[in-house]
Each structure stands twice: as C-alpha cells, then as structure tokens.
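Descriptive structure summary
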Amino acid sequence: MTLISHKIALDVMSIRRDFPILEVKMRNNKDLVYLDSAATSQKPNSVLQAEARFYEQVNSGVHRGAHYLAELATDQYETARAKVANFVGAKPEQLVITKNATESLNLLAYAFATQNSSLLLKPGDEILVTEMEHHANLVPWQQVAEKTGAKLRWIPITPAGELDLSNISELINKKTKVISFTHMSNVLGTITPVAQIASLAKSVGAKVFLDACQSVPHMSVDFATLNVDAIVFSAHKMLGPLGVGMLVATEELLDEMPPFLTGGSMIEMVSMDKSTFAKAPKKFEAGTPNAAGIVATAAAVDYLNKIGMNNIQAHEEHLTEYLLAGLAQMPGVQVFAPNLIERGSPVSFAVAGVHPHDVGQVLDDDGIAIRVGHHCAWPLMKKLNVTATSRVSTYLYNEQSEIDAFLTSLERVRSFFGVK
Amino acid sequence: MTLISHKIALDVMSIRRDFPILEVKMRNNKDLVYLDSAATSQKPNSVLQAEARFYEQVNSGVHRGAHYLAELATDQYETARAKVANFVGAKPEQLVITKNATESLNLLAYAFATQNSSLLLKPGDEILVTEMEHHANLVPWQQVAEKTGAKLRWIPITPAGELDLSNISELINKKTKVISFTHMSNVLGTITPVAQIASLAKSVGAKVFLDACQSVPHMSVDFATLNVDAIVFSAHKMLGPLGVGMLVATEELLDEMPPFLTGGSMIEMVSMDKSTFAKAPKKFEAGTPNAAGIVATAAAVDYLNKIGMNNIQAHEEHLTEYLLAGLAQMPGVQVFAPNLIERGSPVSFAVAGVHPHDVGQVLDDDGIAIRVGHHCAWPLMKKLNVTATSRVSTYLYNEQSEIDAFLTSLERVRSFFGVK
Amino acid sequence: MQLQSLYQEVILDHYRNQRGKGLRGDYQAESHQVNPTCGDEITLRAHLAEDKKTILDISYESTGCSISQASASVLFEQVKGVSIAEFEKIFNEYHAMMQSQGKLEANEDLIGDGVAFIGVAQYPARVKCALLAWMAAKDAIGKAAL
Amino acid sequence: MQLQSLYQEVILDHYRNQRGKGLRGDYQAESHQVNPTCGDEITLRAHLAEDKKTILDISYESTGCSISQASASVLFEQVKGVSIAEFEKIFNEYHAMMQSQGKLEANEDLIGDGVAFIGVAQYPARVKCALLAWMAAKDAIGKAAL
Ligand SMILES: Cc1ncc(COP(=O)(O)O)c(C=O)c1O
Ligand SMILES: Cc1ncc(COP(=O)(O)O)c(C=O)c1O
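1. Topic: the side chain of B:Thr288
Inspection of the secondary structure puts B:Thr288 in the loop between β10 (274-277) and α10 (291-307). Side-chain polar atoms of B:Thr288 contact the side chain of A:His236, separated by 3.3 Å. With sequence-adjacent residues up to four places away left out, B:Thr288 is seen in contact with A:Asn100, A:His236, A:Leu242 and B:Arg64.

Okay, structure coming up:
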C-alpha cells in the first residue's frame, strides 16, 4: 500500500540499529511496532551508555564534595545543563532540573498559591488554560484556584480540535494573571498559536507558560524568541531517561518564584530557626540531584542534534500524512484531527462499534503498540464526546512500513469484531 | 598498622569487583579510596544492568498503556515497589516512590501546611526536630512553621553529639503534633533512641517521622516494628540509582495526607473544574514515574540481601572501630563522636590548625575521597563550634587497608601544613 | 491463538447481547464506578428482598469495552436471585480467578459463563475491565444490606 | 606535583601571615559573604577617600581555609590605596584567571601575588574559596561608592 511517494529525509534503518528495544519480540513472537512515542520515547544506546558511564566513572555528590570525583561529577552535571538549555535556546541559569514535566508545572503553580510569594493570586484573579490540556497542566491550576479563590477559565476548542479563539479578547483580560497552555496536543497533534496568545498575554501583563512536552522532542523550539515566561518538558519523551524534567524560565520569573522543595543544596545559610536560599536554578533543586539522568539527557540532545530537528520533523510529517491518508480510506474510522497544515505526530481516532481498549488489544496481538484511553486529557474526551480514543504517535525511528502494518492490523480489528 | 585483629565477615575483594568505579584512577594516577558513601554510594554492575535492561527490553508508559510493553513495564514497576517495601518491612501499598528523600520529606511536611488538609497545623501547635538534622529534615519544617504559625522546637545535643533527652518530657507535650528526626546522624554516626521517642510521641498523639537516609543502607530496618508513622530514604545511598526516593508510611497517614504534586496518573476523575484523586500510593505519584530507577533500586536491594544487612553492619562496625582507634593515636586530631556502643559509620573529625577544605585537598591528592564541609547540617556545626568538619564514611566495599591509606595521608596533611 | 482465548465466543456473545442491562426503578442502593485509566463507567443498582438476604435484581447502565460490558452481563446472570451469602462465594471465586494471572481454573457451578474470563486474567491491563461491574455490585449490595 | 602548584609557597605565606586582617572603624560600607558549601565567612569593610575615587583601606575579618584566607590577604595588598578604576581592572584580571581553569596567565603588575592562585583555578571546588573575599570587596566598594 503506497499512497504517497516521498523521499524520506532520514536513514531510519541505521537509526533503528541504535535502539535495542526495537529488536524485542512481542506476544506470539511478533516484531515490535512501537507507535506510542507520545507517551514515552525509546532510548538509543548512546543515552544508556552515558547514564552507565556516569556511574562507572564519576559518580559522587554533585555540588557538595570537593574531591576529584565530585569535581568531575559536578562538571558533567553543569555541562549537561548547559547543553540541554542550549538545545531549547536558553541559558544554563534559566534551566531548572526536576523529575518530570509534571513536577515542573507544579513548581510553577506553587508560586501562585503560596503565602509570602509576590506572585500569590487573590480572589478575582483569573488563570487561563485550554480545554485540551494534559492533566499535568490542568490539575495543578485547579489546585491554585481552589487555594487562592482565583478563577480557572479555559479556551474552548472547536469540533475539529483547534483552539477556539473567537472569544479570546474577553478570555484574556486585565484579571488574567497566568496563561498556561500546551504547545502541541498529546491527543490531537494540534499545534497552538503561541505567538498570538503570548502577545495578548503580555498586553495584559499575564505570565505565559507553555507545556512543551510534545513539541520539544519533535520540532525545533527556541525559548529566546517564543515570548513566553516559561516552558516545561520531560527528558523521557525526547530519547532521554525517565526521572528528568525541565523548567526553563526567564531569570526575572525564577527570581520572583519562592522555593518549592526545600532541603540541602538549595540553601545559602541555615540556622535552627531560619534559612536563606541560593539563587536560581539551585534554589529549586533541593536534595541530591539526578546527575546521571541529566548527563544522559545531554546525550539524547546530542543524538537529536546529530539527526537534526528539522529532519525529524519532516520525517514525522511524512509519516503522519501517510497515516492520515490510510485512515481516511478505512471505512468506519473517524479521525480526530485539526485542519492545520503544521501539526504534530499524535493522531487520535475511533473505530465505529469497537471500544478503543478492544482496538488496542487486537493491534497488540499483532505486536503493534499504540495508546488507548483518555491520554490524561479527560476534559478533551468529553468535548469530543467519547470516553477514550486510540492514538498512534511516531518518532524518528518509525518507518512507513510500520504504518502499513498498523493499517493492516486495523482491518483485522474490524473483521474480528464483525463491524462493517 | 594493625590495631585490632578481626575476622572480616565479608569477602570485600570479590564485592569490589562488582563496582566498576573502584578501578578508576584519580589525580596523579592514584587508586581511588572512596570514603564518602554517606553522601552517595557507588553502584554495582547488577544495578546498572537492571536499569539498562529496563530500557532495552520493556520501556514504555507505566500504568497507562494497555499494550504488551506497558504490561511488562508496569509489572516490573510494581514488583520492584513490593521488593523495596519488603526490604524495610513494609507493604507495597505503604511505599510512595519519589525522586529523593528530600522530596519525601517535603511531601510529608506539605500535609501539615496546606489548607483543606485535616493535618493542617495551627498557631500554638509544635513541631519537634533535633539539633543534628540534615537540612532536608529541618528546612521543610521551618517552612511549615512559618506558614502555619506553629512553633518549631528541637531536641538539643550533648557535647558528645548524642540527643540530650534531659528535657524530653517537656519537649514532647500535648501541643506537639509532629516529631521528625534522624535515625542516624550523617555527620556523627549517632544512632538515635527511636523506641523511646516514638513511644513518648504516641502518648501525646503526635505523628513521628524518621529520616532513615543513613540507617536503611547500613543496617536492617523494620518499619512494621519501629512504631513510627513514616520513614524516608534515598536509593542512591544504598547502591541504587540517583533519582529515586522513598516514603514509607502507614495507610492511615497516607489516606489522611492530601496529594502534593498533581497531574496525570494520580487522579480518579478529571473535569475542567474539578478532580478527584486515586488512592495512595498512586495519589502521590504524579506524572511519568522513574520506573527504570525503581527497578534498579530493587536490584540494589537484591544485592544488599545477598550480602546480608547484618554482615554489612558488622563489617562497617569493624572498620569504624579500626578508624576510631587510628584517629585516637593521631596528635592534633579531634574526633566528634558519640559515646555509643551501637553507632553508624560516618566519623567526623578536625585537624588542629588545618581547615577541613585543606585536609580534604591533601587527601584528594592521594586519591582519597572524603567529605569536607557542613554536611547539610549547619546548625550542628554551630553546636560543635566549627564551621565545617572532615568526614569519613565507609560501606560494604571498603577495606581495612583503605583506612590505613587514609591514616597515612592524614599524617601528610599535618606535615604539609606544618602543624604539630 | 491468544486473542481468541481472551475474547472467547461466550464473552463476545454477552457483549453483543447484554443481559439485564438498563437501570430499573426498584433498588435500595446504587454504586458508580470508573476505570481511571480509560474512563469507562458503570452505574449499578442492587435490589434486595425485604429480609435483605436475597438479591432480587441487579440493574445497570454502563459504557466500556467488550470485556467490561460482557462481565456486567455475566454478573447479572449469576447473581440475580441468589442469596447474599451465595453472592459472596460467587464474587470471591470470580475475583480469585481474575487475580490469578490465568492460573486458577474457577468453579463453573458458581460463576457460570464467568469461567470464560480466565483468558482476560492473563492481560493485567484488562483485569480492571473485567472487575468493574463486580466491584460496583459488591459496593451496592453491601450498602443495600446495611 | 599538583598539590604544590595549588598551595604555592606565596599562598601559604599569606595564609600564615595575613596582611591587613581585622575590622577597622573607618569605612563607608560593609559586605558579608558566605560560601554555602563549607560555611566559610568574611566580613569586609571598604573605606574610600572623600572624592569616592580612591580606596584608602580594606579591612576584614574572616574564617576559612588557607585559600580563602590567603586570597583576602593578597586582595588587601593589591587594592589598598588604588583608585576604583584600577580596582575594577585588578578585579577583572583576577576573576578571569580564576574562571579560566588554570589556562589564563594573569598580569602580575595588576594582581601581584594573586598570580600564585592560578593553580587553584584548576580545582573548581576551590575557586569559590579564592573568590570569596574578592566578591565581598566588589560588593562593599560598589556600595561605598554610591
Ligand atoms: C540524614 C540525611 N537526610 C536526608 C538526606 C537527603 O537525601 P537526598 O539528598 O537524597 O534527598 C541525606 C543525604 O543527603 C542525609 O544524609
Ligand atoms: C502534553 C503533555 N503534558 C504533560 C505531560 C506530563 O509529562 P510527565 O508525565 O513526563 O510529567 C505529558 C506526558 O505525559 C504530555 O504529553
């Protein structure tokens, strides 16, 4: 089945050899077709080796010890920070290392709900999100609203799954203090109009935060020109290890934010009844940091840079186009997709008469891993009038032939459950 | 120099072969003598392999996907949780996985300072810590006191570095709501009288938390019989990876505590304006968890179990005794040590006329890694009347000959700086 | 083939023709359960006899996958008309089988078509689907019997 | 041998005989700096001429390691009596050397015995020690000149 002919920009065959998990056999000895990278990406050997090498060669207490190992470990930690910051067009001092994007968002949200913070919201203030946020960028703001009496509002979405900006000049108003929204929907692949929202936000003096979990791994993102106050993302979705998240923010914002987790390494002076705190980013990095994790993240950045973010994006665009064309020919399949030319790789769909869990199960039987469920975007599901969707998401290691395998298996879903 | 003859319980030679970093050369091509395990321990190959294997064989979204890989990853995650819980005498449902002990302590502290929490403290309530806490178990409670108006009090220490319990019946009184203290001092090696404090705490209805960061790696700890409400510890100090912390607590406490980080995976239902939350431990594990990390932690537990915690403790006791005897013979060296028969391996000391930084530098020149500084226990330093100490801490992979090397180098310190 | 052992014909039949579906007015207690991973839901009502010893009816409304729908249908068939004591036995048998990773053959006299779910027990991610209605029943019957 | 290149004789000499140590009463501004990793502290006072262009005196009290003590002593020697403009040059030269990981040979005419600290610049964990007094001076002089 070849719907579109296209010169693939990447040498996917050789990329695949760098990812050991792609050789693993699934149920019934089937080959793995991994189409769930929006949940978490697979890791190349170089990332696994970077993590192991840290432990084998320099492991020790970062920023605390004065001995040779501690010196090497600290150096690797800060060099990695600089590399990851640079990857998204930020300065090292602007990058706070957390455990995942969820922690990064909670760290941001905390600043607006804690006493003694100059950012503390008050009743009447407004927080704006969108109807297609991941729970990680919704629930923390609900908590802020509940604690401060601020009002949580949201930009609705159109039936096609784009942001509905028809009422935006009312939604973004003088009471708006925070606007936090996704750069790319993890369910629909929608890319949001950041520039437009950011400039409206700035005009009313609101802080703007971008959930870049799905964009940073798949396209070139430049914090310096985005005109937002902060972005968050997770290493594990961009070929990096689990247990590493990023908060990139302007120095002004970081200075203004109170510490979140407190303890060792984030202090300046401590006595029994009082402490003072270090400057950002250390102020936000309490406790022993996951140094091996950030070093491995830097190796992931090296890998992405070597391939080139533009090439990766072009490759995914091709796969997505090919996938959408295939799904369009499939009877009884409804695709939830924005009418956008520039879009991301997550594609959600429904098979009439078959529950997503059952769709996923048949695909799984053929070795094909997709995600079924609400994708941590329950309100979006309600808006789409479904309880769940099936989602395919690709990355640099996916081949066109895997989309073919997926489409063939999808036909089996329909025949297995006897739907026409 | 053989001060004490002793049959060593461990086959240290063969243990050392499992730790690749011990082969690394230091400055001037010196062998590494790693005496800084209280800061972070080194990792055996089996732990590094467990982490890599997770990524090579099962990596995928834990607790979210329904496909084969997700099934395997989820199973490994929960099996690892059960193993680590069992290691400290707890049930899997009692173990919350965090990024480090510092996060665990903040998670505990948060419950006492957040509105809508049944545990929220009020002015007049008292929080009790000790004068020898690590900043991680002090600063979060200072924050709680500041936010709630509760009073932070502390158990003083004696000049020898033990808890001074002379006034304990006044310190633990009806106003006391939380007692959080260290099981073993990371500076002095003091083991605290948990049973006594816990039973006094229970008699006034206070919650009792134990900072077990230094005890769990070095001795057998049984949550079920400790009579405390929670313990915290970090994987990286017990042969496990960075980026994994533990909170073990009674089910009643976990039920009572509000969620801390919010987002995906910790919810029950989410709509735009309201969310409900899952039961513990999931309630406290927002976002994509560090599954590879906890799986590697379980491998560390396997390793410790294979050697046997009692053997490890006996080995360290021997090394510590040997070290203390050696230091006692060294002119101009002051040891800060409790007068206890049962004590842990961290040993702090001062060399008259030489600043700890300079002590550490000379040792470092000989390949010997010890920790110098305030050890994140600044108030304790003030109490000891120093700005910093030098600290040696051992673990299962250290040999008596390394203590000899350390003592020899310490003589060089004194001659280098010309002190008598 | 594993897929057929998961989706046994009996299950697909219950899924296509759900027995006892629909909420009925006579009941003493209701339970609402959600599967937080996929958003599937069930509302289930328990109608007991006056002596609170016999389950006269189980009525339910649900959305979900084939496994969760079929398991609700089987539940209805097995539980309608039995005593609460009998229900406990049936529940425990079914629950133990679902937790057994497919290793425990269950007693067909107790759980009837429920035995067909043994294949589901081999798929940890689907066990919750097969238990959703049963958890709702346990909850509703427990409340109704108070 | 690296240790000797770190602890050059000049440094040990300044450490054993600290020039200008002690807090003196004449000053316009004071700075207190702490090294948060080791707890070392310095309190440093800047005493400027009336035209606020010349540094008449730098006085200080400090606790710390040989490197931090010696660097305060060298600072005193180099900075006492110079103009603020000159101080900026001296400071920048010393600071650049300390940040160079031991690669930048500094101008001895500017920083005097400060050149001996080039070995320290190879030990990242000790750079803070060698800068503590200098940061305090920059801060205090800046405030005094306001
Ligand atoms: C006694 C004690 N408590 C708490 C901590 C904090 O642990 P972590 O840095 O892993 O969060 C440490 C170690 O740094 C410690 O030794
Ligand atoms: C759009 C979006 N935001 C936030 C998150 C949360 O990321 P994490 O689970 O790594 O904290 C995810 C992924 O789960 C996501 O896709």
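Next comes the rest of the write-up.
2. Some points on the domain arrangement of chain A
As a measure of interface size, the accessible area lost when the parts come together is often cited. All names here are of chain A. In terms of domain boundaries, chain A breaks down into domain 1 (12-43 + 308-416) and domain 2 (49-305). Look at where the C-alpha atoms of domain 1 and domain 2 centre, and you get two points 28 Å apart. Interface area, domain 1 with domain 2, both sides summed: about 3,000 Å², of which 57% is carbon and sulfur. Considering only the surface of domain 1 that becomes buried against domain 2, Met309, Leu380 and Lys383 emerge as the three largest contributors, covering 20% of it. Summed over the shared surface of domain 1 and domain 2, the number is one salt bridge.

3. Remarks on the relation of the copies chain B and chain A
Of the transformation placing chain B onto chain A, the axial shift is 0.0 Å and the rotation is 180°, giving an RMSD of 0.0 Å. Such a combination of rotation and displacement between the chain copies is what one expects of a two-fold axis.

4. A short note on the interface of chain B and chain A
Taken together, the contact between chain B and chain A spans 93 residues of the former and 93 residues of the latter. Between chain B and chain A, the buried area comes to about 7,600 Å², and carbon and sulfur atoms account for 59% of it. Among the residues chain B hides against chain A, the three largest losses belong to B:Tyr55, B:Leu242 and B:Met272. Together they make up 11% of the total. The interface formed by chain B and chain A includes four salt bridges. Salt-bridge contacts for B:Glu71 lead to A:Arg27; the nearest nitrogen and oxygen are separated by 2.8 Å.

5. Points about helix α2 (residues 9-16) of chain C
All buried positions along α2(C) are accounted for by C:Ile11, C:Leu12, C:His14 and C:Tyr15. Angularly, the buried residues of α2(C) cover 160° about the axis, an arc narrow enough to put them on a single face. Those residues of α2(C) that are buried are in contact with α14 (400-416) of chain A together with α1 (2-6) and α3 (66-79) of chain C.

6. Looking at the site of ligand 1
Near ligand 1 you find 15 residues, and of these A:Thr288, B:Thr102, B:Asp211, B:Ser234 and B:Lys237 are the closest. Here an oxygen atom of ligand 1 and a side-chain polar atom of A:Thr288 are 2.6 Å apart. Measuring from an oxygen atom of ligand 1, one finds a side-chain N or O atom of B:Ser234 at 2.5 Å. Its residues placed into classes, the shell around ligand 1 shows three nonpolar, nine polar and three charged.

7. A short note on the arrangement of the chains
Take the five pairs of chains in contact: the one carrying the most contacts is chains A and B. With respect to C-alpha atoms, chain C approaches chain D no nearer than 45 Å, and the pair has no contact.

8. What to know about the packing of helix α2 (residues 45-57) of chain A against helix α10 (residues 291-307) of chain A
Residue and element names in this part refer to chain A. At a minimum axis distance of 8 Å, the contact between α2 and α10 shows a crossing angle of 150°. The angle between the axes of α2 and α10 places the two elements in the roughly antiparallel class. Between α2 and α10 lies a crossing whose hand is right-handed. For the pair formed by α2 and α10, the contact residues are Ser46, Val47, Ala50, Glu51, Phe54 and Tyr55 on the first element and Ala291, Ala292, Gly293, Val295, Ala296, Ala299, Ala300 and Tyr303 on the second. Classifying every residue of the contact of α2 with α10 by side-chain character gives 11 nonpolar, two polar and one charged.

9. Considerations on the sheet that holds strand β8 (residues 245-249) of chain B
Residue and element names in this part refer to chain B. An order of β2-β8-β7-β6-β5-β3-β4 is seen for the seven strands of this open sheet, with the pairing classed as mixed. Edge positions in the open sheet fall to β2 (95-98) and β4 (151-155), since each of these has one partner strand only. Direction aside, neighbouring strands of the sheet carry axes that sit 20° apart on average. Inspection of the sheet shows strand β6 (residues 207-211) paired to strand β7 (residues 230-234) by three bridges, in the parallel sense. Each bridged residue has a counterpart across the sheet, and for phenylalanine 209 the counterpart in β7 is alanine 230. Of the strands in this sheet, β2, β7 and β8 touch helix α3 (residues 68-87), which is tilted by about 115° from β2. Here helix α7 (residues 194-204) sits on the sheet in contact with β4, β5 (176-182) and β6, set at roughly 170° to β5.

10. Some points on the interface of chain A and chain C
Each partner contributes residues to the interface: chain A has 17 residues there, and chain C has 24 residues. Here chain A packs against chain C, burying approximately 1,700 Å² in sum over the two surfaces, 55% of which is carbon and sulfur. Ranking the residues of chain A by area buried against chain C places A:His357, A:Gln361 and A:Phe416 at the top, with a combined share of 32%. Here A:Asp358 and C:Arg126 are joined by a salt bridge, their closest N and O atoms 3.0 Å apart. At the junction of chain A and chain C, the tally comes to seven residue pairs in polar contact (both at pLDDT 80 or more). The element that contributes the greatest number of residues to the side of chain A that touches chain C is helix α12 (residues 356-365) of chain A, accounting for five residues.

What counts, and where the lines are drawn
Residues numbered from 1 in each chain as written. Chains lettered and ligands numbered in written order. Predicted model: local features only at pLDDT ≥ 70, side-chain atom pairs only at ≥ 80, totals over all residues. Heavy atoms only, no water. Helix = DSSP H or I, 4+ residues; strand = E, 2+ residues; numbered from the N terminus. Polar contact = N/O pair within 3.5 Å; in protein donor to acceptor, adjacent residues only side chain to side chain. Contact = heavy atoms within 4.5 Å. Domains from an automatic or database assignment. Buried area = accessible area lost by both parts, 1.4 Å probe. Salt bridge = Lys/Arg side-chain N within 4 Å of Asp/Glu carboxyl O. Least-squares fit on C-alpha atoms with pLDDT ≥ 70 in both. Buried < 20%, exposed > 50% of the residue type's maximum accessible area, 1.4 Å probe, protein only. Arc of directions from axis to C-beta. Near = heavy atom within 4 Å. Nonpolar A, V, L, I, M, F, W, Y, C, P; charged D, E, K, R; others polar. Axes fitted to C-alpha atoms, helices over the stretch in contact; angles between N-to-C directions. Parallel < 35°, antiparallel > 145°, perpendicular 65-115°, else oblique. Left-handed = near helix turned anticlockwise from the far one by under 90°. Pairing = 2+ DSSP bridges.

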